[in-house]
Amino acid sequence: MRQIDHFLAKPAPSGSSSRTHKVWNPSTGEVQAQVPLGDAALLDTAIETAKEVQPGWAATNPQKRARVMFKFKELIEANMQPLAELLSSEHGKVIDDAKGDVQRGLEVIEYACGIPQVLKGEYTQGAGPGIDVYSMRQPLGIGAGITPFNFPAMIPMWMFGMAIAAGNAFILKPSERDPSVPVRLAELFVEAGAPEGLLQVVHGDKEMVDAILDHTDISAVSFVGSSDIAHYVYKRGVAAGKRVQAMGGAKNHGIVMPDADLDQVVNDLSGAAFGSAGERCMALPVVVPVGEDTAERLKEKLIPAINALRIGVSSDPDAHYGPVVTPEHKARIEGWIDTAEKEGAEIVIDGRGFTLQGHEDGFFVGPTLIDRVTPKMESYQEEIFGPVLQIVRADDFEHAVRLPSEHQYGNGVAIFTRNGHAAREFAHRVNVGMVGINVPIPVPVSYHSFGGWKRSGFGDIDQYGTEGLRFWTKVKKVTQRWPDGTADADNKDAFIIPTMG
Ligand code: NAD
């Protein structure tokens, strides 16, 4: 069986953990590889090299650092097809969607290519008599990233792209469920000219995560995953004196106003709810039609569209979506559909028990539509993270603003309308971090920043863009004076707090 290894500059210490985790092929239901689960001793080895290479990298001028990023970008582009195939075979998302995963990460690398421009500090000449003040952004030292299974290319690149361009060394702990692409990215990074040890990949589970959170040589931790773990990571990392950003789960709502173009909405919703089998933190698993008439018209159009979806193995070019990631996750999603049924919701299209002919052991879940869902239901309050769309009917616009605003998660939200005033009101008032107006998956582009609110994000600095730069650097402020030697040596003012007044 294929063995996936850590990606370290020095060999793993002898006697470190021999625990492993299986990596499935979700389309066939077979175990295709094994990944080792590292421990604190292994992390120490990675940190040792990171400490050796980081000062030299930070001292490398930003233009030279940008050249490595440019080369890395070219290598990813040249390797897009094999990267997407590898990603798809472990995750289960279809190949074109896997390319999108790589591409959205690549866009952050492209932003990081502009590091000489974005790292420039601020300067004030003559802030006082003969005094100038300037500030500069300096790297933190060693940063770490802990990433989820659902974007094994994009999310690591959100993190290490910005961290490394800013002058840090980086330790990546990817999801143990689809760990191969992160390793491949690290290999390509060395091929691009990065010093060995600048980007290392350590595999593992809670044991390795705890080792990262407690390690005194790691200054900052970026985490993306489910909310309970994000909260845990945030608290433990902050208690250990680190800077932490921890993005969590989501339950994004799509508000459909009575004047919306329903054909467009159905098309957008189908992709946003069922694409990648719903395993996206910016999926739209809840649709909120405003008014009974809108709900009925929407439902009538949704049913045939959902019934027409094609589920296939992840390499099927005609499939709309593939299997979910593991057998446990399939069982969990089906369990949520059971819960919704028990809670009294109406299962309009039932994806439980779905099998794909010829791939009966694959982890497929059929598309599911659930109507008459109410805010009190647990199946509404919690994240399902599968190909399940829930309809929550709103009485009016105010009700529709309240639903996502009062939900425990606040990652993304969308409104579909032709009314500019309603859209503007909604965008201003809704208590959610990322808003789409007639855009179903409003993931901001790489030169803006990504981050949800409430239980979707702990910490207050977003991912990538200028926020990412803030997260991975600290600001040094320098106040300088170059005396000309004529100053009064017996100046009593020296005893008074300096002011510029
Ligand atoms: P997860 O929380 O199970 O795992 C995330 C990471 O935490 C992995 O690297 C995993 O190894 C590690 N981990 C697992 N259990 C742990 C524990 N007990 N203690 C410490 N670390 C642990 O998440 P997942 O299932 O891989 O990913 C899906 C989740 O991520 C969903 O909730 C989704 O909404 C969320 N997500 C959020 C965003 C965002 O930006 N808000 C983006 C993508 C995914």
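Along each chain, the written sequence defines residue order, and numbers are assigned to residues from 1. Residue-level local features of this predicted model are given only where pLDDT is at least 70; pairs of side-chain atoms are given and counted only at 80 or more, and the full residue set underlies all totals for whole chains, interfaces and linings. Calculation of side-chain values draws on the structure's entire complement of heavy atoms; hydrogens and water are dropped beforehand.

**Overview of the overall build of the protein chain**
The criterion, for reference: Helix and strand assignments come from DSSP, with helices taken as H or I runs of at least 4 residues and strands as E runs of at least 2, each series counted from the N terminus. Atoms counted for the radius of gyration: C-alpha only. Globule rule: 2.2 Å times the number of residues to the power 0.38. Relative accessibility thresholds used throughout: buried, under 20% of the residue-type maximum; exposed, over 50%; partly exposed, between the two (1.4 Å probe, protein chains only). Only the protein chains shown count as cover for residues, and the accessible areas themselves come from Shrake-Rupley with a 1.4 Å probe. Only four residue types enter the charge count: Lys and Arg as positive, Asp and Glu as negative, with His and the chain ends excluded. Charge positions come from single atoms, namely NZ of Lys, CZ of Arg, CG of Asp or CD of Glu.
Each helix and strand counted, the protein chain has 16 helices and 21 strands in total. Since a compact globule built from 501 residues should have a radius of gyration of about 23 Å, the 25 Å found for the protein chain is in line with a globular shape. Once the C-alpha set of the protein chain is aligned to its principal axes, its extents read approximately 85 × 60 × 40 Å. When the 501 residues of the protein chain are sorted by exposure, 57% land in the buried category. Split by element, the accessible area of the protein chain, about 20,800 Å² in all, is 51% carbon and sulfur. Computed over 48 positive and 64 negative side-chain charges, the separation of the two mean positions in the protein chain equals 4 Å.

**Here we look at the pattern of salt bridges**
Here is the rule: A pair is scored as a salt bridge if a Lys or Arg side-chain nitrogen falls within 4 Å of a carboxyl oxygen belonging to Asp or Glu.
If you walk through the whole model with that rule in mind, you get 34 salt bridges. Taking the shortest distance from any N to any O, the salt bridge between Lys 10 and Glu 48 comes out at 3.1 Å. One end of the pair, Lys 10, is in the loop between β1 (2–3) and β2 (20–25); the other, Glu 48, is in helix α1 (residues 40–59), and 38 residues separate them in sequence. Taking relative accessible area as the criterion, Glu 48 reaches 43% and is therefore assigned partly exposed.

**As for the site of the ligand**
The condition is simple: Summary of the distance rule: residues count as near a molecule or strand when at least one heavy atom falls within 4 Å of that molecule or strand. Two N or O atoms form a polar contact when they lie within 3.5 Å of each other; inside protein one atom must be a possible hydrogen donor and the other a possible acceptor, and for residues adjacent in sequence the pair counts only when both atoms belong to side chains.
As a structural note, the neighbourhood of the ligand is formed by 29 residues, with Lys 173, Glu 176, Arg 177, Ser 226 and Glu 383 the closest of them. Between the ligand and Phe 149, the relevant distance is 2.9 Å, taken from an oxygen atom to a main-chain nitrogen or oxygen of the residue. Here an oxygen atom of the ligand and a side-chain polar atom of Arg 177 are 2.8 Å apart. A total of 850 Å² of accessible area belongs to the ligand in isolation, and the protein chains cover 89% of it. Elements that contribute at least two residues to the shell around the ligand include exactly α8 (206–214) and β9 (220–224).

**Description of the packing of aromatic side chains**
Convention followed: Only Phe, Tyr and Trp rings take part, Trp by its six-membered ring, and two of them pair if their centres are within 6.5 Å. Stacked means planes under 30 degrees apart, edge-to-face means over 60, and tilted covers everything else. When the NZ atom of lysine or the CZ atom of arginine is within 6 Å of a ring's centre and also within 35 degrees of its normal, the charge is said to sit over that ring.
By the definition in use, this model includes 13 aromatic pairs. With a centroid separation of 5.9 Å and an interplanar angle of 15°, the aromatic rings of Tyr 123 and Tyr 134 are classed as stacked. Placement of the pair is Tyr 123 in strand β4 (residues 122–128) and Tyr 134 in strand β5 (residues 131–139), with a sequence separation of eleven residues. Residue class for Tyr 134 comes out partly exposed when judged on its relative accessible area of 25%. Ring pairs connect the aromatic residues Phe 72, Phe 160, Phe 170, Phe 189, Phe 471 and Trp 472, which therefore count as one cluster. The ring of Phe 151 is capped by Lys 93, whose NZ or CZ atom sits 4.0 Å from the centre of that ring.

**Observations concerning a nonpolar patch on the surface**
Definition in use: Residues forming no salt bridge and having over 30% relative accessible area are the ones grouped into patches, like charges within 9 Å of each other and nonpolar side chains (Val, Leu, Ile, Met, Phe, Trp, Tyr) within 5 Å.
Taken together, the side chains of Phe 495, Ile 496 and Ile 497 present a nonpolar region at the surface, about 410 Å² in accessible area. Topologically, Ile 496 is positioned in the segment after β21 (473–481).

**Let's talk about helix α14 (residues 397–406)**
The buried count for α14 comes to seven of ten residues, which makes it a mostly enclosed element. Among the residues of α14, Phe 397, His 399, Ala 400, Val 401, Leu 403, Pro 404 and Ser 405 are the ones counted as buried.

**Concerning α8**
Think of an α-helix as turning once every 3.6 residues; residues three or four places apart then point the same way. Cut-off, in case you're wondering: Note on contacts: a residue pair is in contact if any heavy atoms of the two residues lie within 4.5 Å.
Residues of α8 that are buried include every one of Met 208, Val 209, Asp 210, Ala 211, Ile 212 and Leu 213, and no others. Buried residues belonging to α8 abut α1, β6 (142–146), β7 (169–173), β9 and α9 (227–239).

**Here's the deal with the packing of helix α2 (residues 62–78) against helix α7 (residues 180–191)**
Relative orientation and spacing of two packed helices are given, respectively, by the angle between their axes and the distance between those axes. The cut-off we apply is this: Helix axes are fitted only over the stretch in contact, all axes being lines through C-alpha atoms; the angle between N-to-C directions runs from 0 to 180 degrees. By the definition adopted for this analysis, an angle is roughly parallel if under 35 degrees, roughly antiparallel if over 145, roughly perpendicular if from 65 to 115, and oblique otherwise. Two helices crossing with the near one rotated counterclockwise from the far one by less than a right angle form a left-handed crossing, whereas a clockwise rotation gives a right-handed crossing.
It is at 8 Å that the axes of α2 and α7 come closest, and there the two elements cross at 130°. Relative to α7, α2 is oriented oblique. Here α2 and α7 pass one another in a crossing that is right-handed. Between α2, through Val 68, Met 69, Phe 72, Leu 75 and Ile 76, and α7, the contact on the second element is made entirely by Leu 185, Leu 188, Phe 189 and Glu 191.

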